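Chain by chain, the residues:
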Amino acid sequence: MSYLMIFITAIFVNNIVLSQFLGICPFLGVSKKISTAAGMGGAVMFVMVLSTIVTYLVYHGILLPYNLTFMITVVFILVIAALVQMVEIILKKMSPTLYQALGIFLPLITTNCTVLGVSLLVVQKDFDLAHGVCFALANSLGFTLAIVLFAGLRERLAFVALPKAVQGAPIALITAGLLSMAFMGFSGIGN
């Protein structure tokens, strides 16, 4: 699969949030303002690419040679959690401004299932390291695109007079469903 096709497919056709429904919690919870959504998207991008590299190396360096592939989920969760904590500590020491910019988003990524999902998909799709990194980057861009678009829509909805029954979470879910249907229009591209 070519790198361009991986990008187009992961961002638009099989968007990690809108088509595969991974990462719904941060998608709904951190999408009230575009600035926070963009911050979360940037943090996810950084951690997803880094964790894909590390989990790929752990899988092919330890789990596969020693026939421990049955432990993939537990090991990947532990690796991602440790990696996020390590990145947080290093950023706090090396770049306090970047650490402040990421703020609460960095610890939230530990529980973001998109990071684990992409790491597992790289193994399931049998990508090499370069294609796996491309896949992780494209999925993180797709996550960022979806959450920023959704945040923009939610900001605009704040100025609309809505019936009391659909204010808050109901209109957010309706909007997410409509956004997901809009992305379904790209489904013919990957075939």
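Residues numbered from 1 in each chain as written. Predicted model: local features only at pLDDT ≥ 70, side-chain atom pairs only at ≥ 80, totals over all residues. Heavy atoms only, no water.

K.L.:
How would you summarise the side chain of Ser180 if you had to cite specific residues and measurements?
P.N.:
The topology assignment puts Ser180 in helix 9 (residues 169-184). Each residue touching Ser180, except ones within four places of it in the same chain, is listed here: Leu18 and Phe21. (Helix = DSSP H or I, 4+ residues; strand = E, 2+ residues; numbered from the N terminus. Contact = heavy atoms within 4.5 Å.)

K.L.:
Residues and numbers for the nonpolar core, please.
P.N.:
In this structure, Phe27, Met40, Leu106 and Ile109 are the most contacted members of the largest nonpolar core, which totals 50 residues. Only helix 3 (34-63), helix 4 (72-94), helix 5 (96-102), helix 6 (105-108), helix 7 (113-124), helix 8 (129-157) and helix 9 provide two or more residues apiece to this core. With eleven residues, helix 3 is the largest single contributor of residues to this core. In this structure, Leu106 is in contact with Val47, Val84, Val87, Glu88 and Leu91, ignoring residues within four places of it in sequence. (Core = buried A, V, L, I, M, F, W, Y, C linked by side-chain atoms within 4.5 Å. Buried < 20%, exposed > 50% of the residue type's maximum accessible area, 1.4 Å probe, protein only.)

K.L.:
A description of the packing of aromatic side chains should follow, citing residues and the corresponding values.
P.N.:
The tally for this structure, following the rule as stated, stands at four aromatic pairs. When the ring of Phe27 is compared with that of Phe150, the centres are 4.4 Å apart and the planes differ by 15°; the resulting orientation is stacked. Linking Phe27 in helix 2 (residues 24-29) with Phe150 in helix 8, this pair joins segments that are 123 residues apart in sequence. Here Phe27 matches Phe150 in class, with each residue buried. A ring pair is formed by Phe183 and Phe186, whose centres lie 5.8 Å apart and whose planes are at 70°; its orientation type is edge-to-face. For Phe183, a relative accessible area of 5% gives the class buried. The rings of Phe12, Phe183 and Phe186 are connected pair by pair, giving a single aromatic cluster. (Phe/Tyr/Trp six-rings, centres within 6.5 Å; stacked < 30°, edge-to-face > 60°.)

K.L.:
Can you break down the packing of helix 8 against helix 9 residue by residue, with the values?
P.N.:
Viewed as axis vectors pointing N to C, helix 8 and helix 9 meet at an angle of 135°, and their least axial separation amounts to 10 Å. Taken together, the axis directions place helix 8 and helix 9 in an arrangement best described as oblique. For the pair helix 8 and helix 9, the crossing hand works out as right-handed. Judged by residue contacts, Leu145, Ala146, Leu149, Phe150, Leu153, Arg154 and Leu157 of helix 8 engage Ile171, Ala172, Thr175, Ala176, Leu179 and Phe183 from helix 9. Split into classes, the residues belonging to the contact of helix 8 with helix 9 amount to eleven nonpolar, one polar and one charged. (Axes fitted to C-alpha atoms, helices over the stretch in contact; angles between N-to-C directions. Parallel < 35°, antiparallel > 145°, perpendicular 65-115°, else oblique. Left-handed = near helix turned anticlockwise from the far one by under 90°. Nonpolar A, V, L, I, M, F, W, Y, C, P; charged D, E, K, R; others polar.)

K.L.:
Quick one: what's the story with helix 1 (residues 3-13), residue by residue and with numbers?
P.N.:
All of the buried residues in helix 1 are Ile6, Thr9, Ala10, Ile11 and Val13. Looking at the packing, one finds that the buried side of helix 1 touches helix 8 and helix 9.

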